[in-house]
Amino acid sequence: MKYAVWRALNNEGVTSILLEIARTHVKLALEYSGKNILPDRKEVIKAEILRLRGERDRILERII
């Protein structure tokens, strides 16, 4: 998998998509760690992070 990441970084289009996924993931993780977050919102964030991980993995699998 690490070779797929290096190949992805050589592709500008893929790099920008992966960076956007990472940015979104970090924003969601920060929100999740907040004190006043409701349990329902935490579940939505978990689901969205799982979706983002799946999207990232699909992108990297296509590159392998």
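Here the structure is a predicted model, which means the values were calculated and not measured.

## With respect to the nonpolar core
- Counting ten residues, the largest nonpolar core is built from Val14, Leu18, Ile21, Leu28, Ile37, Ile45, Ile49, Leu52, Ile59 and Leu60.
- Among the secondary structure elements, those contributing two or more residues to this core are helix 2 (12-32) and helix 3 (39-63).
- Looking at which element gives the most residues to this core, the answer is helix 3, with five residues.

## Concerning the confidence of the model for the protein chain
- Mean pLDDT over the protein chain stands at 88; residues scoring 70 or higher make up 84%.
- By mean pLDDT, helix 1 (residues 2-9) is the weakest element of the protein chain at 64, and helix 3 is the strongest at 94.

## Section: helix 3
- Under the 1.5 Å per step criterion, the end-to-end length of helix 3 is 37 Å for 25 residues, consistent within 8% with the ideal 36 Å.
- Among all positions in helix 3, only Ile45, Ile49, Leu52, Ile59 and Leu60 are buried.

## Describing the pattern of salt bridges
- Under the defined criterion, the tally for this structure stands at six salt bridges.
- Between Glu43 and Lys46 there is a salt bridge; the shortest N-O distance is 3.6 Å. Remark: Lys46 and Glu43 occur in helix 3; sequence separation between them is three residues, near one turn of the helix.
- Relative accessible area serves as the criterion here: at 38%, Lys46 is assigned to the partly exposed category.
- The partner of Glu55 in a salt bridge is Arg51, with the nearest N and O atoms 3.0 Å apart. Remark: Arg51 and Glu55 occur in helix 3; sequence separation between them is four residues, near one turn of the helix.
- A relative accessible area of 24% means that Glu55 is categorised as partly exposed.
- In this structure, a network of salt bridges that share partners links the residues Glu48, Arg51 and Glu55.

Conventions we followed
- Residues numbered from 1 in each chain as written.
- Predicted model: local features only at pLDDT ≥ 70, side-chain atom pairs only at ≥ 80, totals over all residues.
- Heavy atoms only, no water.
- Core = buried A, V, L, I, M, F, W, Y, C linked by side-chain atoms within 4.5 Å.
- Buried < 20%, exposed > 50% of the residue type's maximum accessible area, 1.4 Å probe, protein only.
- Helix = DSSP H or I, 4+ residues; strand = E, 2+ residues; numbered from the N terminus.
- pLDDT = per-residue confidence, 0-100.
- Expected span 1.5 Å × (residues − 1).
- Salt bridge = Lys/Arg side-chain N within 4 Å of Asp/Glu carboxyl O.

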